[in-house]
Every structure is written in structure tokens, then in C-alpha cells.
Amino acid sequence: MTPFVPRATYRLQFHHGFTFRAAAALVPYLHDLGISDAYASPFLKARPGSTHGYDITDHRQLNPEIGSEDDFNAWAGALAERGMGILLDIVPNHMAVVGNENVWWNDILENGPASPYSAYFDIAWTAATRTELLGRILIPVLGEPYAKVLEAQQLTLTFDAGAFHIRYFDHRFPVAPRSYGLILNHRLAELETRLLNDPALDEYQSILTAVKHLPLRSETDPALIAERQREKEVIKRRLATLTQDHAGVRDFLAENVTRFNGVAGDAGSFNLMEGLLDDQAYRLAFWRVAAEEINYRRFFDVNELAALSMERPDVFAATHELILRLLRDGIVRGVRIDHPDGLFDPREYLKRLQEAVGGNLYVLVEKILAADEVLPPDWPTAGTSGYEFLNLVNELFVAGANRAAFSRIYAAWIGDETTFAELTYQKKILILQIALAGEMQMLTHQLDRLSQRHRSSRDFTRNGLRVALREIIACFPVYRSYIAGEVAEADRRHVLRAVRRATLRNPAMSTSIFHFLRDTLLLRSPGVGPIEADYAEEQRRFVGKFQQVTAPVMAKGAEDTASYIFNRLISLNEVGADPDRFGVTPPEFHEAMKMRLKTFPSALSATATHDTKRGEDTRARINVLSEMPDEWQTRVSRWSELNSLHRTQLEDQYAPDKNEEWFIYQTLVGAWPGAGDETFVARMQAYLVKALHEAKVHTSWINPNQPYDDAAAQFLAKILDPAQSREFLEDFQAFHERVRDFGMVNSLAQTVLKIAAPGVPDFYQGTELWDLSLVDPDNRRPVDYELRQRSLESMPSVAELVESRADGRIKLFVTQRGLAVRREHAELFAQGDYVPLEATGPMRDHVLSFARVHEGRAVVAVVPRLLVGVTESPFSAQYLQGTSLPLGTLGGRWRDAFTNETCGAEPLGLERVLAKLPVSILIAE
């Protein structure tokens, strides 16, 4: 059976403000736009108020905030009526655990390792680096140190419906039923005196005896656990009935609860509560403790998201029941796997998923590939969610010839020549020391245990192992390797490269420790002779955990730190990008597209996602700056001088600093909305504060520097205030008017490339008009679909669209007409060859073109690039005079999909082809 492949996808972000009903109302519009599949954000039950759906609390239910099952079926039915379907984003790596909604996690908190779900999550029950955490989970939820919180009576014992809980503001933590004895036994003699000869006392004592016979947290026998689970529920029911029916028992327990909650100002009165807390399977701790002592794997460094042990078949089955039903019923036609790098073995997970539905499932992976990395060819997937395509297309509109000039100007401006690669190494070290120090502790602990098992490595110190491990992770060239048994050649190269770099960076360290780590990561024997089976298994587990750490370290170090510091040209600072690179050439683009067609022709072609750092049209406008380094330097110098009075001196530094000011002006060039956007200043301030916190230079999320945050936000408000910065704003807007048109042409060009190139074109919600958004949550603002629907229904002439291009309808037009071609010639785009075309004439280097050819039919895409200095008006084609496009035997007559005009001259004169619109899709007739 031929696997299903979407023709074009449209990403929808579901939450309580955008529901299944809202999505159903959009189906006719998406169909008219040319979309084949609604690409849905996760819509399983998530934390209350979730705006993204990645914090799932129950994989077995739809999110009630998004709609009922009837609402979902109505949306799915509306899609099916038009031959459309659903591509669903699923989250196998983690679940939300902070709150009271995750029943699996709550059971683990109550019962510890004896919970039937204790192995569902990646918890280090027996490998904790602190003995106090053996068999317990660290819960870093307290806003202040433990003692302060305890003695402030912020941790309170409650009793309701037969069960005891510990409350901390909105959080409710279960008390283990075996610990009920501590409460029930307290002042028992007094109760016996009160209830002498009362039958209620016999029931009370019977319950207390039953509690004492409940198993310890260390119980592992599944049958005994199940039996005791039933007994615990019986105990709770009996206790609820007794307290409901007997006022004396109810009052006695209420008095005990009050005593356990302590007396303000009397430190000793909290010993009872502390003893009760010490008897639980969890340890409540100050949130700052998490970085170093967390003993469950998280999603990156987010304490609220605990990683699942998805390599276990029972966990896969429990979390995929609903998803598999939707797939088998054909309601969902494909899936996108969120963060596969967090899985112990992504390859095995994908195989299991395919097998569960009989194979041929359309599966995409949210895999971030490094510049020289390829997706493992043996993964049963159609490809990635499109970041490598996004970055390749983006760099096509960056003037690579100006790299040296731009680098020189930027380095002189900030007084620093550090490369992005070096900065990434430094920030990965920082992340390992701070945000992910706990993960480093656990890995070091595992590695130390391995080293002690063989005489050749027994003398390595724990600190030496930690340093070597840290250096290799910081030098790892890709997000992770995928070693699970046999070592693939690509994985071997990545490991050797990391070890080589780490060794060179640490000449004072013995190479033997690096060689030990190299051999461990490549699953080699530590000595002569065959490797012992139990050693091999422990080694394999270590390698798996190592691989699960390198990915978040890369993401946090590069994407979320270095990319907010290295601001040379911020349009290049995107997810999966290498900002050290500065543009790609048309031949490089063509080679990449031919390889894409050969390897993963059905991968998504994205230009914006919910995770991108900037909107696709924001990037397109910033790219224009790469074409004018000298003018940009002049402008920034002038603006900085004009705005100098708005900077604030804080001790020995100014806020914002020079690098941040450079960042601000680029952002304004990309995101400037023109007149009428009253929210722009507030949006920019929120974005700037987030960027400063991510950069971690003067302020951060963990240690916010409020005076600095305020000073930077005030600077932004002042330079955007006409009453305070008239001269700057006049100069900026004059410059922006010029940049804007070139950026618009870049945007239209990348839209055409996305539609016509190999892959499945993907559109993020709302981006069919200009997308001048910034990073989330800015890019998740409500979309005005009424405006888009009206615009699509009453599209003016091409000439009017060009004249009114600022309103974005021109992009909507190019999108709709381009997707109509894709729908009309679906087989050609799905199976056709990719044929690079080369223009001739004076402007040949400023045109990119290719053909898609299949069984005698052809479609040609033509877009301009790098037009600054070539023409003053990129919407006029006069600059193309004398430049043509030889098409050889591809066709005789051609029809332009946008203007509907035909031409037959050979070669095609591009001045005529792009006379009415700066981009073209030509269809052979």
C-alpha cells in the first residue's frame, strides 16, 4: 500500500481560546486556500489553561478545554467531507506533573517505587547521588527554602473523604497510606480514653492495624502491589465512613491535623509535619535545588515536565491507545513526533509506532539537524518537520559575499570577535554547570560506577570523569548520536570528533580518561577479551542516558543562549541554524534540493513554526541588511548617538549594552508594523526582556536583574516615542521604507520556493498574510481569520495587490494560486524530478529558477534574490532587461499561474515574465 502523503499542511495551535469548533468553522477557508491537511498542535488532555498542549496530563482523553468528542468528530467530519485530513503533533517524551491532574504521577507520589506507574517515568530510584533520595523523588516546587516554607505554615496537612494530603498553595500532594499511622497513632491514648467502650474505637484501631500492614515503598512484587492497592482504597473508604458517622473521631482527627500543622513562631511545633514529610516517597524542595539534585529526567530544564520511559512497551501502550485508535480509524492521517531526541531509542520507537498501525504511516520527526548532519536513513519516517529547509531557504536571501564586511563591522561595534562556535561551547559549559547540573551529576555517577568495574579505569577520579564528560558534551558537534547496539558510521564520527576537540581543549588532562570515555560511548570493551554481558548492558544504559543529555545541552546552549548573544545578523539565529554561516548560493541550494528529493521527498517544507525565533517575514526583512553592510553601520552609529540619552547607567555598565542595541535595531527593521499598531511597544518590550533573559549576560530567568530589565524596556519605549525620539524615528522609518519592499520580495520568493520545491509545503497559522511576529508567545497571538477569509473571497487584480502590498494580500494571493498549481499537478510535485535552471544575461546571479518535471509535464519556479544595489524598486522588473531563462525542451508555451498570461519565446525574457509580479510559477501548456 502506498503511504499517504499530505499535499499541503496548515498548522493550528489549539487551546481554550481556539477550539475544535473554531477549527471546524475554518475548514472551508483552508480548503479554498489549497490546504490538504490540518496540522494540529497536541490536543490531548493537558494542564488547565495550557496554551500549547505539550504539557499533557492524560494521553487517554481529548483536552476538554478544546472541546468534546462530538466537537472533535464534527471538525474531523468537516475535513473528511472535503477530502482533507489531520496531521497530529504527538508528545511521547514527557508529561506535565506539577499540579493535581496527572493520576500516574500522583500515584507515584503516594506509593513511590511500589506504584504500578513507578517505571513509567525516567526516575533514578536507586541511582541517586544522595542517599536521602534513594527510593524518593525530589519535587523542587517550593518558592523559598524548605525550613522557611515549613515554619511559615505554607505546608499544611488536610483531611478529606478519608484521605490525607499536604497542601502548598494550589498544589496538593498525597500522603502515603502507610504514613496515615503517624497521624492516626498521634495521641491514641487520649482517643482511647474518650471513646472507652465505643464501637467506633474498635473500627479506628482496626483501620490503624490495616495501615501498619501496608507494604513499604520498596515493594516490587506486582501481585502484592495490586492487592495492597485495593486494600488502601478500602482503608480510605472505611476512614471516610467512620469520620462522617462519628463526630468524636472526626473532631479527634481534626485536632491532630491542627497539631501537625504547627504553631507560628514555635519552630519545634513543626517537627510532626517534618516527620510526616520525611516518611513520603517525595522530598519537597526549594526550586533552585532542581538544577543540581533533580533525580528525574525532565524536558530540557523544565521541572514541571517529567520524561517518560517510552522505551518500555507498557508505557508505549498506555500513552498511545487513543492516538492509535484515531490512526486506525483514519481520522488522523499522519503524526509529527515532538522531540524524538529525548527518547532513549528514537529508531525503535518509530518502528514500534509503524508496527502498531500496520506500517506505511506518514510520520514526521521534530529533529534538529546540524549543518552537515543527515537524518538516519533507517528511521521509518517521511523526514523532519522542516527546520533544515527553513534555514536553507532563509540563507538563500543572505548576501554571502558580505560576510567578512558584516563580521568586521559587528566585531568592531561590540568589541568582541568570538565566533558562534566558540560561544556555543562556552554556553554549553554554562548550561551543564547551572541548568542541567543535576543531569551531569547523574551521568557522572553512572560513569564512575562503570569505571570502577575494570582495572584499566579504576584509578580515574570522580572529578576527572566529570570534567571529561562535561568537555565531551560541550564539544559534541550535533544534538545527539543514536547508538543503541551497532555503532553507525555517522555516530562514530560524531563521538570521535567530540573526543578529539575535548582532548585538544584540555592538554593538561590525561588522554587516557578521554580514551576511556571514547571507548565507552562507542560500546567498546574496556580491555582485552570479550565484554561481559552485565557490563555491556550497564554501558549501553550509560550511552543511552548520555545521548538524552547532549540534545538539551545543545538546545539550551546554542538555541536558547548563544543565539541571543551572537547578533551579527539575527535572521540567521534560528532553530537548527548555524549563525556562523552567512548565506548559500543557488548551486548549493539546488544540490540540497536534489538530495532532498532523493532521500526525504515527503518531509515538511516549513518557513515558520510555533518555535521559530522570528516570523518568516521578519527574517526576510532583516536579511536585506546583509546586502548593505556599510549603510547599516552608518545608520546604527547615527541611531545610537541619537538615542544615547535614553540609555541608563547602572554602576559600571549601560543598559542596554552595545550588542543589545545592535539587536534592537535589527529587530525593529524586521518587525516594524507601520502606523496603527498600538500594541507594538508592549510586544517589543516583552520580547526584549525574554531575549535578555535567554542570553544570560546581564539578567536571566533564574537570577533576574530587575533594574537592568526595566532600563532596557524603558530604552525601547523612549526610542519608539515620537515625543522623545522624533529625529531617530524619522530616520529609521525612511530607512525602513526602503528595506521593506526588498524584504517583501524575499518573502514572496520564499513562499514560491516552499510551494514548488521537493517536500510538503507547511504554513503556520496566519502566515498567509505578512508574518512580522517574534518568538513565542508573540507568534501565538490570535489570528484574524475573518480578515483572511474576506481577503481570499474578494481578491483584487495583481496591479492592485502590488499597489496595496503593505496589507499582505499579495502574499495570500501567491499562496493560494501557488497551492492551486500544486493541487492541479499533484502527481508532478509528488513524483517529479528537480531540474536546476540557470538564467543568462547581466542579472543571472540575481535569479533562482528550477523546474519540476514528470512524464512530459513541467512547472517552473522563478524568483529574484539579493536586489539591493541592482534596482531601487524590486517590484519593477526593469532591472531584468537582457536577462533570460533558457528552458530547452521543457515546453513550448507557458502560462503564468499568478497573472494567467502566456508566453512562448525561447529563451524566456525575465523582464516580461516578472513584469507584473516579482515572482512566477510557469506551467507548461
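A brief report on the enclosed structure follows. (Residues numbered from 1 in each chain as written. Predicted model: local features only at pLDDT ≥ 70, side-chain atom pairs only at ≥ 80, totals over all residues. Heavy atoms only, no water.)

## Comments concerning the overall build of the protein chain
Selection criterion: By the criteria applied, helices consist of DSSP H or I runs no shorter than four residues and strands consist of E runs no shorter than two, each listed in order from the N terminus. Here the globule rule is a power law, 2.2 Å times the number of residues to the power 0.38, and the radius of gyration is based on C-alpha atoms. Only protein chains enter the area calculation, which uses a 1.4 Å probe; residues under 20% of their type maximum are buried, those over 50% are exposed, and those in between are partly exposed. The contact definition used throughout considers only heavy atoms, calling two residues in contact when any of these lie within 4.5 Å. Positive charges are assigned to Lys and Arg, negative charges to Asp and Glu, while His and the chain termini are left out of the count. Here the site of a charge means NZ on Lys, CZ on Arg, CG on Asp, or CD on Glu.
From N to C terminus, the protein chain includes 33 helices and 28 strands. A globule of 925 residues ought to have a C-alpha radius of gyration of about 29 Å, and the protein chain, at 31 Å, matches this closely. Taking the principal axes of the C-alpha coordinates as reference, the protein chain spans close to 110 × 75 × 65 Å. Here the protein chain, with 925 residues, has 60% of them falling under the buried criterion. Considering only residue pairs separated by 6 or more positions, the protein chain has 75% of its internal contacts joining residues 24 or more positions apart. When the 101 basic and 123 acidic side-chain charges of the protein chain are each reduced to a single mean position, those positions are 3 Å apart.

## So, the environment of Ile531
Structurally, Ile531 is set in the loop between helix 20 (511–521) and helix 21 (533–559). Residues Ile531 and Ala264, 267 residues apart in the sequence, show an inter-C-alpha distance of 60 Å. Those residues in contact with Ile531 that lie beyond four places of it in its chain are Arg524, Ser525, Pro526, Ala536 and Gln539.

## Details of the sheet that holds strand 9 (residues 163–168)
Counted only if it meets this: In this analysis, strands are considered paired if DSSP registers two or more bridges between them. Angular values range over 0 to 180 degrees, each being the angle between N-to-C directions of two axes fitted as lines to C-alpha atoms, with helices fitted over their stretch in contact.
Read across the sheet, three strands follow the order 8-9-10 without closing on themselves; strand pairing throughout is antiparallel. Where the open sheet ends on each side, the last strands, each with one partner, are strand 8 (155–160) and strand 10 (171–174). The mean inter-strand angle of the sheet, taken between neighbouring strand axes irrespective of direction, is 35°. Where strand 8 and strand 9 come together, six bridges link them in antiparallel fashion. From the neighbouring strand, Thr158 faces strand 9, where its bridge partner is His165. Strand contacts of helix 9 (residues 247–260): strand 8 and strand 9, with the helix running at about 165° to strand 8, the strand carrying the most contacts.

## Regarding the side chain of Ser309
Tracing the chain through its elements places Ser309 in the loop between strand 13 (302–307) and helix 12 (313–328). Of the residues examined, Ser309 reaches a relative accessible area of 7% and is grouped as buried.

## Quick look at the nonpolar core
Basically, it comes down to this: To define a nonpolar core, start from buried Ala, Val, Leu, Ile, Met, Phe, Trp, Tyr and Cys residues and group those joined through side-chain atoms within 4.5 Å.
One finds Phe589, Trp632, Tyr665, Leu668 and Val860 to be the most contacted residues of the largest nonpolar core, which totals 129 residues. Counting residues per element, this core draws most heavily on helix 28 (residues 726–756), which supplies 13 residues. If near-sequence neighbours (up to four positions away) are discounted, Leu668 is found in contact with Phe680, Met684, Ile719, Leu720, Phe728, Phe732 and His736. Ala8, Ala38, Tyr54 and Ala76 belong to the second-largest nonpolar core, a separate cluster that totals 122 residues.

## Some thoughts on the pattern of salt bridges
Stated formally: Any Lys or Arg side-chain nitrogen found within 4 Å of a carboxyl oxygen on Asp or Glu counts as a salt bridge.
The tally for this structure, following the rule as stated, stands at 64 salt bridges. A salt bridge links Lys148 to Glu144, with the shortest nitrogen-to-oxygen separation between them at 3.1 Å. Residue classification places Glu144 among the partly exposed positions, given a relative accessible area of 28%. With a shortest N-O distance of 2.6 Å, Glu631 and Arg738 are connected by a salt bridge. Of this pair, Glu631 sits in helix 24 (residues 629–642) while Arg738 sits in helix 28, placing them 107 residues apart in sequence. In this structure Glu631 comes out as partly exposed when scored by relative accessible area, which is 23%. A residue is classified by how much of its surface remains accessible, and Arg738, at 28% relative accessible area, is partly exposed.

## Observations concerning the side chain of Lys690
The condition is simple: Two N or O atoms count as a polar contact when they lie within 3.5 Å, although within protein this holds only if one can serve as hydrogen donor and the other as acceptor, and sequence-adjacent residues are included solely when both atoms are side-chain atoms.
Relative to the helices and strands, Lys690 resides in helix 26 (residues 680–695). Lys690 gets classed as buried once you look at its relative accessible area, which sits at 16%. Of the polar contacts made by the side chain of Lys690, one reaches the backbone oxygen of Asp776; its length is 2.7 Å. Residues in contact with Lys690, not counting those within four places in the same chain, are Trp701, Val775 and Asp776.

## Let's talk about the pairing of strand 14 (residues 334–337)
Let me state the cut-off plainly: By the criterion used throughout, a crossover qualifies as right-handed when its path from the first strand across the helix to the second strand runs clockwise, the strands pointing away from the viewer.
Where burial is concerned, the two faces of strand 14 agree: the one with Gly334 and Arg336 and the one with Val335 and Ile337 are both buried. Both strand 14 and strand 15 (residues 362–365) contribute to a ladder of four bridges, which runs parallel. When the sheet's bridge partners are listed, Arg336 is paired in strand 15 with Leu364. Between the parallel elements strand 14 and strand 15, the chain passes through helix 13 (residues 346–356) in a crossover that is right-handed.

## Quick word on a nonpolar patch on the surface
Going by this rule: A patch consists of residues whose relative accessible area exceeds 30% and which take part in no salt bridge; residues with like charges are grouped when within 9 Å of each other, and nonpolar side chains (Val, Leu, Ile, Met, Phe, Trp, Tyr) when within 5 Å. Per-residue and other accessible areas follow the Shrake-Rupley method at a 1.4 Å probe size, with only the shown protein chains counted as cover for residues.
Nonpolar side chains collect at one region of the surface, where Trp287, Ile434, Trp701 and Ile702 lie side by side and expose about 370 Å² of accessible area between them. Along the chain, the position of Ile434 falls in the loop between helix 16 (420–433) and helix 17 (437–451).

## Side note on the environment of Thr648
Topologically, Thr648 is positioned in strand 18 (residues 648–650). The exposure class assigned to Thr648 is partly exposed, which follows from its relative accessible area of 24%. With 64 residues separating them along the chain, Thr648 and Ala712 place their C-alpha atoms 8.0 Å apart. Residue contacts for Thr648: discarding those within four places in its chain leaves Gln653, Tyr654, Ala655 and Ala711.

## Focus: unusual backbone geometry
With an omega of 0°, the peptide bond between Ala655 and Pro656 qualifies as cis. With respect to the helices and strands, Pro656 occurs in the loop between strand 19 (653–655) and helix 25 (658–671). Omega for the bond connecting Asp776 with Pro777 falls within 30 degrees of zero, at 10°, which places this linkage in the cis form. With respect to the secondary-structure elements, Pro777 resides in the loop between strand 20 (760–764) and helix 29 (785–793).

## Overview of the pairing of strand 4 (residues 56–62)
Within strand 4, five of the seven residues are buried, which leaves it mostly tucked inside the rest of the structure. Pairing between strand 3 (residues 44–46) and strand 4: three bridges, direction antiparallel. By the bridge assignment for strand 4, Leu44 is matched with Leu62.

## A word on the sheet that holds strand 23 (residues 857–864)
Within a sheet, each strand pairs with its neighbour through backbone hydrogen bonds, oriented either parallel or antiparallel. Spatially, six strands are ordered 21-22-23-28-25-26 in an open sheet, and the strand pairing comes out antiparallel. Two strands in the sheet have a free side with no partner beyond their single neighbour: strand 21 (833–837) and strand 26 (902–903). Contacts from helix 22 (residues 586–599) reach strand 21 and strand 22 (847–854), with the element oriented near 170° to strand 21.

## Notes on the environment of Val636
You can see Val636 is positioned in helix 24. What Val636 contacts, discounting residues up to four positions off in sequence, is Trp413, Trp662 and Tyr665.

## Observations concerning the packing of helix 17 against helix 18 (residues 462–474)
Definition in use: Convention used here: angles under 35 degrees read as roughly parallel, angles over 145 as roughly antiparallel, angles from 65 to 115 as roughly perpendicular, and any remaining angle as oblique. Handedness of a helix crossing follows the sense of rotation of the near helix relative to the far helix, less than a right angle counterclockwise being left-handed and clockwise being right-handed. Just so you know the grouping, Ala, Val, Leu, Ile, Met, Phe, Trp, Tyr, Cys and Pro go in nonpolar, Asp, Glu, Lys and Arg go in charged, and all remaining residues, Gly too, go in polar.
For the pair helix 17 and helix 18, the least separation of the axes is 9 Å and the interaxial angle reads 120°. When the interaxial angle is binned, helix 17 and helix 18 end up oblique. Handedness of the crossing formed by helix 17 with helix 18: right-handed. Mapping the contact onto sequence places Met440, Gln441, Leu443, Thr444, His445, Leu447, Asp448 and Ser451 in helix 17 and Arg462, Leu465, Arg466, Leu469, Arg470 and Ile473 in helix 18. Per-class residue counts for the contact of helix 17 with helix 18 are six nonpolar, four polar and four charged.

## Describing a negative patch on the surface
A surface patch of negative charge is lined by Glu151, Glu274, Asp278 and Asp279. By the element assignment, Glu274 lies in helix 10 (residues 271–278). Overall, the relative accessible area of 30% leaves Glu274 in the partly exposed class.

## Topic: helix 27 (residues 706–719)
Because an α-helix completes one turn every 3.6 residues, residues spaced three or four positions apart along the sequence face the same direction. Put simply, the rule is: By definition here, a helix of n residues has an expected span of 1.5 Å times n minus one.
With 14 residues, helix 27 extends 20 Å from end C-alpha to end C-alpha; this agrees with the ideal 20 Å at 1.5 Å per step. For helix 27, the full list of buried residues reads Tyr708, Asp709, Ala711, Ala712, Ala713, Phe715, Leu716 and Ile719.

## Concerning the packing of helix 23 (residues 616–623) against helix 28
At a minimum axis distance of 7 Å, the contact between helix 23 and helix 28 shows a crossing angle of 125°. In terms of orientation, helix 23 and helix 28 fall into the oblique class. Helix 23 and helix 28 meet at a crossing whose hand is right-handed. Taking contact as the criterion, the partners of Glu616, Asp617, Ala620, Arg621 and Asn623 in helix 23 are, on helix 28, His736, Val739, Arg740, Gly743, Met744, Asn746, Ser747, Gln750 and Lys754. Here the contact of helix 23 with helix 28 is built from residues that sort into three nonpolar, six polar and five charged.

## Description of helix 2 (residues 69–81)
The end-to-end C-alpha separation of helix 2 is 18 Å, in line with the 18 Å expected for 13 residues at 1.5 Å each. Looking at the buried side of helix 2, the elements it contacts are strand 1 (9–12), helix 1 (20–33), strand 2 (37–40), strand 4, strand 5 (85–90) and helix 12. Directly beyond the C-terminal end of helix 2, a positive phi value near 75° is found at Gly83.

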